[in-house]
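Working through the structure, step by step
Each chain is listed here by its residues.
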Amino acid sequence: MRARRGDLSGPVLAILVTLILIAIGAAIIAYLTLFTGGTTAPIISVKGQPVAYKTGTNDATVEVVVVNTGNAALNGATASLQIVSPISASPVSAPNVNIPVGTSKTLTFTFTNQWGTFSQYPMVNGILKVTGADGSTVALYEVAIRVVAGS
């Protein structure tokens, strides 16, 4: 059979369909990224090695450095640390935590009259929980805490 003048050949038709599909995909991606807006949220990460040391007469102070790598500030949050292994200590809270985007903050937790227990071990493990002002969980980490400064 002879092709009639004005008909599209198979390869030309395939190229046109491919270009149309690429254009439709690009339009969908543009819509989703430009017009719907992204979500903003703080992302909290533990930075470095948390440490525990003796303060006062017999208190154990734990310092944990966290950084906000998200795209929203964390304001009015509450951080709590509970020691779970090899000893057990009730959670201690740090209220009103504010961490701007891209900055780090040292969270300090003091366990009253617990240094004698902490000092028996070179490392203790705890659970760090950061809760937003609205009550939602922003971060939940298991942290290995190095016990320093002897008894």
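Scroll up to find the structure.
Residues numbered from 1 in each chain as written. Predicted model: local features only at pLDDT ≥ 70, side-chain atom pairs only at ≥ 80, totals over all residues. Heavy atoms only, no water.

In this structure the tally under the stated criterion is one aromatic pair. Where Phe111 meets Phe118, the ring centres are 5.5 Å apart and the plane angle is 40°; that geometry is what we call tilted. Each member of the pair Phe111 and Phe118 is classed as buried. (Phe/Tyr/Trp six-rings, centres within 6.5 Å; stacked < 30°, edge-to-face > 60°. Buried < 20%, exposed > 50% of the residue type's maximum accessible area, 1.4 Å probe, protein only.)

Bringing the pairing of strand S2 (residues 59–68) into the picture now. Extensive coverage of S2 is indicated by the burial of eight of its 10 residues. Pairing of strand S1 (residues 44–55) with S2, which is carried by nine bridges, proceeds in the antiparallel orientation. Opposite Ile44, over in S2, you have Asn68 as the bridge partner. Where S1 hands over to S2, the hairpin turn is made up of three residues, of which Gly56 adopts a positive phi near 60°. (Helix = DSSP H or I, 4+ residues; strand = E, 2+ residues; numbered from the N terminus. Pairing = 2+ DSSP bridges.)

All right, on to the environment of Gly48 then. Mapped onto the elements, Gly48 comes out in strand S1. Between the C-alpha atoms of Gly48 and Pro91, which are 43 residues apart in sequence, the distance is 21 Å.

Right, let's talk about the sheet that holds S2 for a bit. A sheet is described by the order of its strands in space; here seven strands give the open sequence S4-S3-S6-S7-S1-S2-S5, paired in mixed fashion. Each edge of the sheet is formed by a strand with only one pairing partner; in this case those strands are strand S4 (89–99) and strand S5 (104–111). Neighbour-to-neighbour, the strand axes of the sheet open up by a mean angle of 25°, direction not taken into account. Pairing analysis gives seven bridges linking strand S3 (residues 74–85) to strand S6 (residues 123–131), with the strands arranged antiparallel. What sits directly across from Gln82, in S6, is Ile127. (Axes fitted to C-alpha atoms, helices over the stretch in contact; angles between N-to-C directions.)

This paragraph deals with the nonpolar core. Core analysis: the biggest nonpolar cluster contains 29 residues, and Leu81, Ile83, Phe109, Phe111 and Phe118 have the highest contact counts within it. Looking at this core, the elements with two or more residues in it are S1, S2, S3, S4, S5, helix H2 (115–118), S6 and strand S7 (137–147). Aside from chain neighbours lying at most four places away, what touches Leu81 is Val62, Ser90, Pro91, Val92, Phe109, Phe111, Gly126, Ile127, Leu128, Val143 and Ile145. (Core = buried A, V, L, I, M, F, W, Y, C linked by side-chain atoms within 4.5 Å. Contact = heavy atoms within 4.5 Å.)

Mapped onto the fold, Asp59 is located in strand S2. Here Asp59 occupies a buried position and makes no salt bridge, while the nearest side chain of opposite charge, Lys54, is found at 9.6 Å. Among the polar contacts made by the side chain of Asp59, one reaches the main-chain amide nitrogen of Asn113 at a distance of 2.9 Å. (Lys, Arg positive; Asp, Glu negative; His and termini not counted. Salt bridge = Lys/Arg side-chain N within 4 Å of Asp/Glu carboxyl O. Polar contact = N/O pair within 3.5 Å; in protein donor to acceptor, adjacent residues only side chain to side chain.)

Moving on, we come to unusual backbone geometry. With an omega of -10°, the peptide bond between Ser85 and Pro86 qualifies as cis. The backbone of Asn96 shows a phi angle near 55°, a positive value even though the residue is not glycine. Structurally, the position occupied by Asn96 is in strand S4. Of note, the phi angle at Asn113 is positive, near 55°, even though the residue is not glycine. Residue position: Asn113 is located in the loop between S5 and H2.

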